[in-house]
Every structure is written in C-alpha cells, then in structure tokens.
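What follows is the residue order along each chain.
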Amino acid sequence: MNTNLSQGAKFYNDVVAYFDKAAALTNFEPGLLEQIKVCNSVYKFYFPIELEDGKVKVFEGIRVQHSHHKTPTKGGIRFSNFVDEDEVKALATLMTFKCAVVDIPFGGAKGGIKLSPIAYNAKQLERITRRYTTELIKKNMIGPAVDVPAPDYGSGPREMAWIADTYATFKYDDLNALGCVTGKPIGQGGIHGRTEATGLGVYYGTREALENAEDCKALGLTPGIKGKRVILQGLGNVGFYAGKFFAEGGAVIVGIAEREGGIYNADGLDIEKVFQYRKESGSILNYPGAKNIEPSLAVLEMDCDILIPAALENQITKENAPRIKAKIIAEGANGPVSKEAEEMLTAKNVLIVPDLFLNAGGVTVSYFEWLKNLSHVRFGRMEKRFNETSASNIINMVERITGKSLDQKERKILTHGADEIDLVRSGLEETMIYAYNEIRETKKRDNRITDLRTAAFVNGINKLGVSYQALGIFP
Ligand code: NAD
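Peer 1: Honestly, the sheet that holds strand S4 (residues 107–114) in this entry has me stumped. Any pointers?
Peer 2: Think of a sheet as strands paired side by side through backbone hydrogen bonds, with each pair either parallel or antiparallel. Across the sheet, which stays open at both edges, the five strands sit in the order S1-S2-S4-S3-S5 with mixed pairing between neighbours. Each edge of the sheet is formed by a strand with only one pairing partner; in this case those strands are strand S1 (41–50) and strand S5 (147–151). Pairwise comparison of adjacent strand axes, ignoring direction, gives a mean angle of 25° for this sheet. In this sheet, S4 lies alongside strand S3 (residues 73–80) in parallel orientation, the contact comprising six bridges. Paired with Phe-79 across the two strands is Ile-113, which belongs to S4.

Here's what the structure looks like:
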C-alpha cells in the first residue's frame, strides 16, 4: 500500500473503498457497478487574473461531474489551497450518493479553485470567481439543466451571486438563468433557510438517530438531544448553525475547535457569544470562562457524547481515533473520519452518522431553491393567505357553535399560513427523518451491514442501479 498519498488521494481511495464494500452487498452486475463508480467528467483548467499591482497570477480550477444518471449535476465549489483533483473527485462521488440517499433528482458534482480566500480581497475574489464561471460556460459545464454549483468550504452567498450574474450576462435569453447556481442571496433568487440548511440538517439527522430507545441503549445513551454534551470542530457555516440548533434543542456545547486552537467548558459555551468573540478578537482562544486547548485537534478527544466534525476531511484518523470519547460522531464535514479510523471506532461501538446522509441538508434546500428559480414564484405565495382564511373560518364556526373563543395568541398559532421558511424547514425535516429511517432499516435488514455508512451507500447504489437499468443498457 502506498503510504505517501496526498490527503486528496487518501480521501478518494476511502470513498471508493466505501463504495466497493457496499457494492459487494448489492445484486448489480460488475459493468453497471463500474459505471456507477467512475467520475463521468473531470475538467481541470488554468486561468490568468491581473491583480492590482499589475502582476498576473494563474489559478487552477477544477470541476468534476461524477454521475450523469440524472441531470443537472450538483455540488459545491471549494475555495482552498488544498484543493486537488482527487479531493474534488471524492467530493463529487459523495454528492451522487448523497443526492440518491435523500431522493434528490441530481447527479453529483463538485468544483474547486486552488487558493486561500483570506489571501485575496473582495475585488480580486470577484474577478477570480467570474473568470472560473466563464471557463465553465465555455465548456458547457454550468447551467440550470446542466450542472448547478453551490457554496462549499471557503465560499458563500457572495460568490454564488457573482456566479449567477456572470452566467446570466452570457445567457441573457435563458429564462431560468438564476437556477444555474444555488446558495445565492435572497435578493438574487436565493431561498429563505439555505444559509443554515446544512447545520439544521445535521441537527435533524442526529436527533432522529437519538429517537430510538433501543439504539440509544446500545450506545449507553438516553434518548433525545436534551442534555447531550457536544463538541464541534469548525465554527463556519455548517459548524456554527449545527451548534446553534443543538443548543436550541437542549444540548450543551462543551467544546469548540477552530484553526487557531480550541476551548472547553464542561458547564457549556454560548455558541453565539463565542462566534461574536472570535469575530471581534480574531481567535476563540482565551474565551472567558473556558479552558484553552492546544493543539486544536486535541479538543476532539475531550469528554462528550456527540462529536461534530464540521471543518475538513481526514480529521479523525487511526492516530487519534483510540482517544476519541464521543459515543456518536455526527459528520457535518465531508470525509472527516478516515476509513481506518471508522473501523476502529465502529469496533469500539461508536455510532458514526455518515456525511453522505447527515450533511445533505444543504443540497436538499439547494434543490428547493432550484425549484423556486424554475417556477419563478416564492414558496407559500399562492396558498398562505388562502390557508389562513380557511383556518379562520373554521375557528369562527367552532367558536360560534361552542360559545367559547380563543385568545389572540392561540388564534395566531392556529391560523398561521406557511411562509417560505416554514415550508423549507418542513421539507428539510421530512427529508432527513425519512432518509435516516431508510438507512437504519437497510442496516437492520442485512446482518452483514454493521455501520450506517455502508447502509447509506447500499441505498444510494440501489437507487442509481435501478435508474441505469431503466435505460435498458445494463441487464
Ligand atoms: P466554512 O468555510 O464556512 O467553515 C469551515 C470552518 O472550519 C472555518 O471556520 C475554518 O476556520 C474552520 N477550520 C479550518 N481548518 C480547521 C482546523 N484544522 N480545525 C478546526 N477548524 C478549522 O465551510 P463549511 O461550508 O462550513 O464547510 C465545512 C465542511 O462541511 C466541509 O467539509 C464541506 O464540504 C462540508 N459541507 C458544507 C456544506 C454547506 O452547505 N456549506 C454542505 C455539505 C457539506
């Protein structure tokens, strides 16, 4: 075995190994499984950008479309110095199975620009993002029916707005141009609830894993989120919102790890205050009342019930896995647990709720955003007032018949018609609960399956296999 592999190559090897393990448990013929496994298109390109000092810098961009069994393909764009082809292939592959696991009719894709976003100002980042988009347009690798990017590590709504605007400039006669990218700001075709969607999905998915008393007993935990001690790695989009919703659900955030180090307080940390503190001071270290933990990675080994890695891949490896104390690892990030570590942790009876299910909240709400862009109407616009009037009419009638009346607050709760955010959250909650139980059932049904990741891959492969068989090419 080659032990000098890059992080990206290791990640891709792990994803392929997860696939192979699950594929062996399905009944599809080898040719079909090979077609499901490979990345369909890999596009790597270089483009020049002139910086303010007049010097030209050449950037590397990548877009990988893993599967065209359904189109468009979909997946985020990572802005990071560590972006490499294998990493993007791993992430694109995960996207295919993620979409399948949560029944989203897209193939998987992923992209990246190799740069450190903090090393460039907004003007420079705008030029880089627009040029990256133009390169994709030139190769017909972006579009509402072709391939729809989204935010990922290092990118956010601002970058998505630049992408949408660039695409719409070139494709000014495409009525659905705004559907070329998701995760946009609301004012540019975005959807309420997308920003926090991945973190909220992490919460819904983990909450569902803690619903079943029998499963919790096997882990030595009581059912429910309330009172569970949580450690987070990464206070970015996924980590911050996951932490916020866990805290709102009654969990106690006891530890947080960021680039510069970590903090721990067994009595609990107020995540919003920690976020604000880091924003103002530039670091989470020395947060009042908490103990500094360095190096940052050591926080993951502290006492807790649930560990949420929400930063990068390969954070829990065979090196630190033996020291992990959490009973549940909730994978907010993609690929945070290496395959070797997963085997060691599963043997220790740690439940790993896998990335390809647990962080699917982002792509789920991205799917809703894409639907909104294609339908050109905000969710709830047509029915909200009608539903409110109907509910009011029923209450009026009941009040008349019974002679009793509701107070203002009660009436408001019962007559509230769904806004876009209500519908988005309801759709996300349903998606995560349904998919978790599908995965759990698959694991329960087949005693060769001992972990949720394999069960999720089996479900994903079965859904893709059926889709390919419908084409009549494969037996
Ligand atoms: P982000 O850039 O918003 O946040 C990442 C955070 O991790 C940053 O605060 C960064 O400082 C921190 N970080 C970096 N290196 C660290 C280290 N060594 N230790 C501790 N913290 C570190 O990115 P994000 O969008 O939250 O993505 C995080 C992970 O979640 C990635 O693996 C991404 O692929 C995955 N993911 C994101 C989404 C989404 O909707 N944003 C969806 C699915 C999966």
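Read on for the rest.
Peer 1: Got a minute to help me understand the site of the ligand in this structure?
Peer 2: Around the ligand lies a shell of 23 residues, among which Arg-78, Asp-152, Thr-198, Glu-258 and Asn-334 are the nearest. Contact distances for the ligand include 2.8 Å between an oxygen atom and a side-chain N or O atom of Arg-78. Contact distances for the ligand include 2.7 Å between an oxygen atom and a side-chain N or O atom of Asp-152. Compared with its free state, where it exposes 830 Å², the ligand has 87% of that area covered by protein. Elements supplying a minimum of two residues to the shell around the ligand: helix H8 (237–248) and strand S7 (252–258).

Peer 1: Would you mind showing me how to read the state of the cysteines here?
Peer 2: Disulfide: a covalent bond formed between the sulfur atoms of two cysteine residues. Counted by the stated rule, this structure contains zero disulfides. The closest cysteine sulfur to the non-disulfide-bonded Cys-39 is located on Cys-99, 14 Å from its own sulfur. Since its relative accessible area comes to 15%, Cys-39 is described here as buried.

Peer 1: What am I meant to see in the packing of aromatic side chains here?
Peer 2: Aromatic ring pairs are described here by two measures, namely the spacing of the ring centres and the angle between the planes. One pass over the full model with this rule turns up 18 aromatic pairs. Ring centres 6.0 Å apart and planes at 40° place the aromatic pair Tyr-367 and Phe-368 in the tilted group. The burial state of Tyr-367 is the same as that of Phe-368; both residues are buried. Over the face of the ring belonging to Phe-59 we find Lys-57, whose NZ or CZ atom lies 5.5 Å from the ring centre. Over the ring of Phe-245 we find Lys-244, and its NZ or CZ is 5.2 Å from the ring centre.

Peer 1: Looking at this model, I keep getting lost on the nonpolar core. Mind explaining?
Peer 2: Most often, soluble globular proteins have nonpolar side chains that are buried together. If you look at the biggest cluster of nonpolar residues, it comprises 93 residues, and the most contacted ones within it are Phe-246, Ile-256, Ile-308, Phe-357, Phe-457 and Ile-461. Take this core: its biggest share by element is 10 residues, from helix H3 (residues 85–101). Summarising the domain contributions, this core has at least three residues from each of domain 1 (39–188) and domain 2 (197–358). If we ignore the near neighbours within four places in the chain, the residues touching Ile-461 are Phe-19, Ala-22, Ala-23, Thr-26, Phe-28, Leu-33, Ile-36 and Phe-97. Counting 26 residues, the second largest nonpolar core, distinct from the first, contains Tyr-43, Tyr-120, Ile-137 and Tyr-167.

Parameters at a glance
Residues numbered from 1 in each chain as written. Predicted model: local features only at pLDDT ≥ 70, side-chain atom pairs only at ≥ 80, totals over all residues. Heavy atoms only, no water. Pairing = 2+ DSSP bridges. Helix = DSSP H or I, 4+ residues; strand = E, 2+ residues; numbered from the N terminus. Axes fitted to C-alpha atoms, helices over the stretch in contact; angles between N-to-C directions. Near = heavy atom within 4 Å. Polar contact = N/O pair within 3.5 Å; in protein donor to acceptor, adjacent residues only side chain to side chain. Areas by Shrake-Rupley, 256 points an atom, 1.4 Å probe, with all protein chains shown as cover. Disulfide = S-S within 2.5 Å. Buried < 20%, exposed > 50% of the residue type's maximum accessible area, 1.4 Å probe, protein only. Phe/Tyr/Trp six-rings, centres within 6.5 Å; stacked < 30°, edge-to-face > 60°. Lys NZ or Arg CZ within 6 Å of the ring centre and 35° of its normal. Core = buried A, V, L, I, M, F, W, Y, C linked by side-chain atoms within 4.5 Å. Domains from an automatic or database assignment. Contact = heavy atoms within 4.5 Å.

Distances and angles like these do not, on their own, reveal function.
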